[in-house]
Structure formats: C-alpha cells, structure tokens
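Single-letter residue listing:
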Amino acid sequence: MKIIGYNCIPKSSILLVNHDLSALMFCKTLTATASTLVVSSNYQKRINLVGNLQCSVASRPYASNSVGSSTSKSESVRRSRKQGGSSSLYGRASLLEMKNERIATRARVYDFLRGIGIEPDELDGLELPVTVDVMKERVDFLHTLGLTIEDINNYPLVLGCSVKKNMIPVLDYLGKLGVRRSTLTEFLRRYPQVLHASVVVDLAPVVKHLEGMDIKPNNIPRVLEKYPEVLGYKLEGTMSTSVAYLVGIGVARREIGGILTRYPEILGMRVGKVIKPFVEYLESLGIPMLAVARLIEERPHILGFGLEEKVKPNVKFLTEFGVRMTSISSVIAQYPEIIGLDLGARLLKQQSFLNSVVDFSPEDFGKVVEKMPQIVSLSNTPVVKHVDFLKSCGFSLDQVRKMVVGCPQLLALNMDIMKLNFDYFQSKMGRELDELVDFPAFFTYGLESTIRPRHRMVAKKGLKCSLAWLLNCSDAKFEQRMNYDTIDMEEMEDDSSFDMNTLMEPRNEESDSDYDEDSDEEYL
C-alpha cells in the first residue's frame, strides 16, 4: 500500500519539494478494514500538519514537527548528502565561495605586479586577468613595445587591455596608416590610452576628420607621431573651433593642411584660452592681424609659446636691453622665435660678448637687435671671424663698430662673398673705405647680379653717386635713375629698415603641406 500526501502552504508563491522523500507517513489511527488510505487536505488539517518548517540553502536542513518520523528522515538525508548522493541544484560553489576565490586570485596578481615593481593600487575596480600567467603575458608584451616598468606605473590602467582584443588591433591599424616602429614607444608613452581605443569607433573617424582638414594621407602618420593625443579629441570640439578661428583672422584656407602637418598641437588648443589671447596681444604690440596670420602660416609653432610664461616676459626683456617699444613689432615680425626663447639670459650673455669684441654700448646693442634680432642666437665663432676680417681690410675698431651697428648682417654673411665684394670694391670701383663705413650693406649685395652691372652703367654715364644711391633700390627704380641727368640727393638716404607691409602680402605659391622627411624607417 502506497501512502500519498502533500503539504501546501496557503497564500505563498513558494512550493517546497523534497524529492528524497518517497512518501509522507502519517501516524493516525485508521480503521483496520480500510485497504487504501487517502489523505486529503483542507485548511484546518494543513494547520495541524505543518508545525515548524526550516529550510536553509547552504546546509539544507529540513525538519517538520508535525507527524511521523521526520527526524529519522532528516538524518537519512544528511547521511546521503555526506556520501555525495544528493542531486540538489545547490550542489555547486556558493556565491560567497566564488567571491572569495576572486579576491584570492586578485591578491595573487597584485603580488606578482608588486614583485616586478608595479604599484597596483590604481587597479582597484578594474577588470584584470584571472591568472598570473595572463597578466605576465600583458606585461611582457608591453615590454616588447619598449615600455618600461616606469612607463607602466605612469599609466597602470594599460594593464586592463587585452593583448589580443585591444592592443594588437590598435597596433595593426597604426602600422597600416604608416606610423613608424621607431616612434611607437614614444607614441605610447605620450598617449597610452590609445590601447583602450576601438579602431572603428574611436580611431578611424579621427583619421578621416584629419584628412577632411586637407592633411594629405601620406602626412597623417607624421601628424600622429608628433601629436598622438589628437586621437582622443572629439571631432566637433577643439579641433574644429581652432581651425575655424585661424581662418577667421586671415589664415588662407589652403594653408591649413600644411599648418596642421607642421604643428598639429594647434588641434588641441582652446581658442578662448590660448589662440585668441596670443593673437590679440601681438596686435596690441603693433602687428596687424593679417600680418599675425602670415606669421602663423610660416611658423605655426609660435602659437605654442606660452603668453604669460614666455611672450610677455620676453617683450619686457627686449625693452630692458635697449629695444624701443615702437620697434618690438618689427623685431617679432623679423624673428618670431625670439618671443619663445629663454631670452633674458641670452641677451645678457650676447651683450657682454659683443661689448668685448667690438666695444658695444647698451644703446648700440639695442639698435643691433632691432635691425637683426637673430643676433641673440648667433654663436661666438662666426662673430669673431667676421670682425677679424673687417679689421684685416683696414677698418679700425671704431669703424667696425659703426659698420656692425649700421648693418648687423655683416656678422653672419658668407665670408667668401664678402671677400669677393671687397676685392672688387678696391680694384675696380676706386672708392674710399669710409664709403663702406657709411654703407656697410654693400657686402650684402650680389657681385654679379647687382654690384658689377650697376657700377658699369654708372661709370659709362660718368655719374658720381654714393653706394646707397647705387645699390639701395630695386632694378626697376635703378633703371629710372639711369635716365636722370642729375642725382637726387634725397634718394641717397633711402631707408632700408624692415617693412611690415611686405609681411602682409598674399602668398602666391602653393601650400607647402608636404612633410619632407625621407626615411628608411621600418614600419609597423
């Protein structure tokens, strides 16, 4: 005879089933004549049957104080479980055990990293490899890229990148673009975040955007090598606004590609904080906006000179060393790099040196810087050579000083050209040395292109003129002078100072946006 029974707890959505119990025995006096006992349950009987039910997921104790030998059944279940005979769904490792195992694994990975000199503190919360072997593989791969333990400590989050899923796809893409293997280590040191990037979602759109700014495809890898951080910028953010502002102040649109190729850092400069204040300050010094635009076209790196850190202090240094405030704009236009140098120390050193060689006064030094600001970067050796040459020509030290103040370019000219011009002056022109003292720029003109043909024309007409009247004019103007019956004395003192208007003339040549750098470097 089989006894069938069920317990049901009303008003509950949980049904508890114990498949180890084949039947539920009830101890109840029944009539002897009954051949089959059917236990039906109504509400009142269920109250009597269910006394105290305990159920635990971890140890699964099961007890009922109602009827029969529940205790013996529970003991049987426990014995079965000890023998490994349970088929419960909760037989696998618990969540707590899994969590403890993850903590232990992470501790082993951290111990490995500390053992090789990497501080893992910043890795808390980052998903890491489940084994030490996988982490070792990542570290070894980063070493093959040239990154040191120090580099990894500078950006430890790179250890969260999978070699196969993250690093290799990114490196393959950069290699296809043309990024050179020799530049890769520095590339990753500057922008290790690229190893987290998605080629399709993050990198490819930036490259396409750069090409849309007229950067030639063959120049893209050079741009990325110079400024890898550009791969992390938003397309419609700083990159677009900086270019739009430059075009707005007069930079030719066709020049943008070349400008960005030579100095891609512009793409990361904020207009309101960097570019606009720089442009407006140069304007305040007397450089027209269009002239500033031309300076940027020719030397875009000047935008990287810190306005407060370099530019303004250097302007102050120039005035302290004798440069007139009205000449500052001319100085910058002739030699824009001067506002980005460590200028104070250079000016002091160069002033002291020139004073020892040609007996410069502070006023003389200021005039020389106004006429040739590159003097601050001229090395000592050529200066001494040129001064010695002029002395050997018969000029006194005082005359040499006057000549250098009048034409500082004498200290940087090609020595062979100077010798040829002086030999012709002495042997063919029949003039006094004092004329060279008055017009030292004579040495800057080409002998065959200018000096010899003009001298012959003047000699043929029998005219007597100064060297300034002979040379300090264009070919067209000289042709006009040859039609004069007399020499206009006012034209003899033509000013040869720098003309700002020449800087604002439009550039007719094509944009020089090609990155000319022949290299046999192996590509990725």
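Residues numbered from 1 in each chain as written. Predicted model: local features only at pLDDT ≥ 70, side-chain atom pairs only at ≥ 80, totals over all residues. Heavy atoms only, no water.

Enquirer: Can you walk me through the overall build of the chain in this structure?
Expert: A tally of regular secondary structure across the chain gives 25 helices and 2 strands. A buried classification covers 41% of the 524 residues belonging to the chain. Of the accessible surface of the chain, which amounts to about 29,700 Å², a share of 52% is contributed by carbon and sulfur atoms. (Helix = DSSP H or I, 4+ residues; strand = E, 2+ residues; numbered from the N terminus. Buried < 20%, exposed > 50% of the residue type's maximum accessible area, 1.4 Å probe, protein only. Areas by Shrake-Rupley, 256 points an atom, 1.4 Å probe, with all protein chains shown as cover.)

Enquirer: Looking at this structure, I do not really get the packing of aromatic side chains. What am I missing?
Expert: Centre distance and the angle of the planes are the two values used to describe a pair of aromatic rings. On inspection of all chains with the given rule, the structure shows 8 aromatic pairs. With a centroid separation of 5.5 Å and 65° between ring planes, the pair formed by F425 and F442 is classed as edge-to-face. One end of the pair, F425, is in helix α20 (residues 415-429); the other, F442, is in the loop between α21 (433-438) and α22 (447-461), and 17 residues separate them in sequence. For the pair F425 and F442, a shared accessibility class is recorded, and that class is buried. Linked through ring pairs, F395, F422, F425, F442 and F443 together constitute an aromatic cluster. (Phe/Tyr/Trp six-rings, centres within 6.5 Å; stacked < 30°, edge-to-face > 60°.)

Enquirer: When you look at the environment of T241 in this model, what are you seeing that I'm missing?
Expert: You can see T241 is positioned in helix α10 (residues 238-249). Along the chain, T241 and G272 lie 31 residues apart, while their C-alpha atoms are 9.9 Å from each other.

Enquirer: Just to check I follow, could you spell out unusual backbone geometry for this structure?
Expert: Working note: non-glycine residues mostly have negative phi, and peptide bonds are mostly trans. Phi at D214 is positive, roughly 70°, even though this residue is not glycine. Not every positive phi belongs to a glycine, and D359 is a case in point at roughly 60°. Here D359 is to be found in the loop between α16 (343-358) and α17 (362-371).

Enquirer: I keep staring at α20 and nothing clicks. Help me out?
Expert: In an α-helix, one turn spans 3.6 residues, which is why side chains three or four residues apart end up on the same side. Under the 1.5 Å per step criterion, the end-to-end length of α20 is 20 Å for 15 residues, consistent within 8% with the ideal 21 Å. Of all the residues in α20, the buried ones are M415, M418, N421, F422, Y424, F425 and M429. Buried residues in α20 make contact with α18 (380-392), α21, α22 and α23 (467-471). For α20, the side-chain oxygen to backbone nitrogen distance between the N-cap and D416 is 2.8 Å, and the N-cap itself is N414. Count one or two residues on from α20 and you reach G430, which has phi positive near 60°. (Expected span 1.5 Å × (residues − 1). Contact = heavy atoms within 4.5 Å. Polar contact = N/O pair within 3.5 Å; in protein donor to acceptor, adjacent residues only side chain to side chain.)

Treat this as a map of the structure, not an account of what it does.
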